Structures are given as structure tokens and as C-alpha cells.
Amino acid sequence: MQLGVIGLGRMGRIVVDRVLAAGHEVVAFDIDEEAVASAAEAGAEPADSIVDLADRLGDGKRIWLMVPAGDPVDAALDELEPRLSDADVVVDGGNSHFEDSVRRAETTDAAYLDCGTSGGPAGAELGFSLMIGGPEWAYDELVPVFDAVATGPDGHDRMGPAGSGHYVKMVHNGVEYALMQAYGEGFELLHEGRYDLDLEAVARTWNNGAVIRSWLLELCEEAFREEGTDLDDVADHVAGGSTGTWTVREALEREVPVPLIHGALAERFGSRRDRFSRRLANRLRYGFGRHEVARREE
Ligand SMILES: NC(=O)C1=CN([C@@H]2O[C@H](COP(=O)(O)OP(=O)(O)OC[C@H]3O[C@@H](n4cnc5c(N)ncnc54)[C@H](O)[C@@H]3O)[C@@H](O)[C@H]2O)C=CC1
Ligand SMILES: O=C(CO)[C@H](O)[C@H](O)COP(=O)(O)O
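Calculation criteria
Residues numbered from 1 in each chain as written. Chains lettered and ligands numbered in written order. Predicted model: local features only at pLDDT ≥ 70, side-chain atom pairs only at ≥ 80, totals over all residues. Heavy atoms only, no water. UniProt positions renumbered as here; feature names shortened; annotations may be inferred. Near = heavy atom within 4 Å. Polar contact = N/O pair within 3.5 Å; in protein donor to acceptor, adjacent residues only side chain to side chain. Areas by Shrake-Rupley, 256 points an atom, 1.4 Å probe, with all protein chains shown as cover. Helix = DSSP H or I, 4+ residues; strand = E, 2+ residues; numbered from the N terminus. Nonpolar A, V, L, I, M, F, W, Y, C, P; charged D, E, K, R; others polar. Buried < 20%, exposed > 50% of the residue type's maximum accessible area, 1.4 Å probe, protein only. Contact = heavy atoms within 4.5 Å.

- The protein is annotated in an unreviewed UniProt entry as 6-phosphogluconate dehydrogenase, NAD(+)-dependent, decarboxylating from Haloplanus rallus.
- Recorded in UniProt under Sequence similarities (unreviewed entry), the annotation for the protein is "Belongs to the 6-phosphogluconate dehydrogenase family."
- The annotation that UniProt attaches to the protein under Function (unreviewed entry) is "Catalyzes the oxidative decarboxylation of 6-phosphogluconate to ribulose 5-phosphate and CO(2), with concomitant reduction of NAD to NADH."

### Some details on the site of ligand 2
- Every residue lining ligand 2 is accounted for by N95, K169, H172, N173, E176, Y177, G240, G241, T243 and R268.
- Here R268 contributes a side-chain N or O atom positioned 2.8 Å from an oxygen atom of ligand 2.
- Protein burial of ligand 2: of its 370 Å² of free accessible surface, 61% is covered by the chains.
- A total of 5 residues in the shell around ligand 2 trace back to one element, the largest contributor, which is helix α8 (residues 164–192).
- Split into classes, the residues belonging to the shell around ligand 2 amount to 1 nonpolar, 6 polar and 3 charged.

### So, helix α3 (residues 50–57)
- Along α3, the residues that are buried comprise I50, D52, L53, A54 and L57.
- Of the surrounding secondary structure, the elements contacted by the buried residues of α3 are β1 (2–6), β2 (25–29), β3 (45–46), β4 (62–65) and α4 (71–80).
- Directly beyond the C-terminal end of α3, a positive phi value near 70° is found at G58.

Structure follows, in C-alpha cells:
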């Protein structure tokens, strides 16, 4: 099969390499010329624009978008659109909002597959987990590519109609936030607790047979090994938050209780700001109990 890949960053480049390794052909484009040159060195056919990529693919185009979610996806589709027909298939492998994917599926002439992708840069070796929404025939058509990009045949599946792939990935990320928060709280208690513990040894022990073993816990072990168990040089604020916000918003709209995911998201937002609520609580204790007010350090 011949696959066009648009977006050759951390994730798109892995798609290119794994599809090439499986014996398929790749036509590659990125607005970053160095990324295109590097993909060409790896064996991809370079394109110098999205239009050029579409022209090189001929009829029955199969195209994988791996650009940042939001405007870049619409920009790429706008350029592709005049060259797309209902025989073509476009896959969006990024973290797009599922409602954007439904809108795109309705407006493009091509068959549109929204593909939630999990595994991060480690997927280069292991392959990804792919959660795919859209027309069955288009999914079936792309199975050889999904087999190559995923961990294998069990690493991908069609979740349902348009939007369902990115919907499942959105909830996956909500779960990711809650798991990170749970590990964080447990290790914080051990760090501040009553024994002088080697947290790397704790993580290693848990990773070997414990109920709570996982890849995230392996990454905790790696973090303690590489940064030291006090994480001294690591700032206590956490970036990101869009996919967790979407998860919580969807849960509120459908009145599904997700207190752990919501709490993890709130904790993340709270890590990025001076907390007015804490300052007010500090001052209120003086108001009702004449408890001493802790003041900001000069
Ligand atoms: N990094 C990760 O662990 C994961 C990322 N994702 C999602 O995958 C998507 C891509 O992420 P990354 O590869 O990490 O981002 P990245 O920033 O490493 O790569 C994005 C690439 O897209 C290119 N690009 C941007 N606009 C373009 C356009 N209009 N035409 C052509 N190329 C364009 C950029 O030059 C860049 O090379 C995002 O939606 C992200 O949320 C999903 C799962 C995991
Ligand atoms: O999808 C992912 C992992 O599954 C990406 O790493 C994503 O960027 C994580 O979301 P956030 O930036 O909000 O932490």
C-alpha cells in the first residue's frame, strides 16, 4: 500500500518508520523541511506541499494526518479537499476533539477515520494502541497500515461510527490523568511519611507482581532513577489539560460522576497558579479563630 503522511513530528515520524518497515510505500510532508528530509533519508518519498503529496498518491488515496489538533487539521484538510473523492481515505491520528472529527467526517468528500493514538514515543519500538471511528469499509481497507502502526492486529480496532475513536481516546486520557494523580499522591505520602524509603525500590517492587503494576508505574521508577527520588530539579507544575477538560465536560453534560478524573484535572490547573482560595482560607482562620495569618515571604 502507498500511504501519505502529513506531520512528521514525534508521532508522525513513528507512523512513517513503522509503515516503511512493514514493506509499504510512504509519501511524506511536513511544513518543517528538515523533517521531510529526514523522512526521505529513512526511505519515504518527499513531497514539497500537501497538494504535491496528494498528486503523488494518484487515485484511491490513503492519507494519515499527524499534526497538532485544532486548526492544523482543518488547514491540511482544506488543502487536500479539492483533490479528494469518495474513493479516498483520510485518517486523523492526533488528539482531535471528537465533535471536530464528526464535523470533518460530514464535510469531507473522502471517507474519514478518527484514530485515537496511545503509546507516545515508546510506540516506535512497541507500536501504538489505535482506537478508530468511521466507515467500516475504510477501516477494513487500512487494516494493513493499522497492523503496522499498532502493536499488531490486537493493537487496533474499530470503535464505531465517526467520532467514536477520538471519543474513546478522550476518555483514555481522562483515565491517564487520574492514574497519574493516584501514583503521585501515593508516592507523596511515602516521600513525606514516617519511613526513610527509597522510592525507586518501592516502584521497582510494585512493578514486579503488585496489583498496581503498570507502564505509568514503570515510568515512575524511571523518573526516580533518572531524577533522584526527591525530584529536586523538577518543577511542581503540570502543563497540558485539554483532553482532560473535554472528558470532564462530557461527563458533566451526561451527568456521569467522574470525581477522580475531575480531581486530577483540578489539581493540574491548581499547580499552575498562585491559589487565591488557599490565601483566603489562611486569612479566614484568623477571622473566625484569631489563628495566626501566615504571610508571603519577602
Ligand atoms: N506526543 C505524544 O505522546 C502523543 C501525541 N498525540 C497527538 O498526535 C498529534 C501529533 O503530536 P506530536 O507528533 O507529538 O506533535 P509534534 O509537535 O512533535 O509534531 C507535529 C508536526 O506537525 C507538523 N505540522 C504542523 N502543522 C502542519 C501542517 N499544516 N502541515 C504539515 N505539517 C504540519 C509540525 O511541523 C510537526 O513536525 C497531536 O494531535 C498530539 O496531541 C497523541 C498521542 C500521544
Ligand atoms: O495523548 C497523549 C498521551 O496519551 C499525549 O501525550 C497528550 O499530550 C497528553 O495530554 P496532556 O497534554 O493534557 O497531558
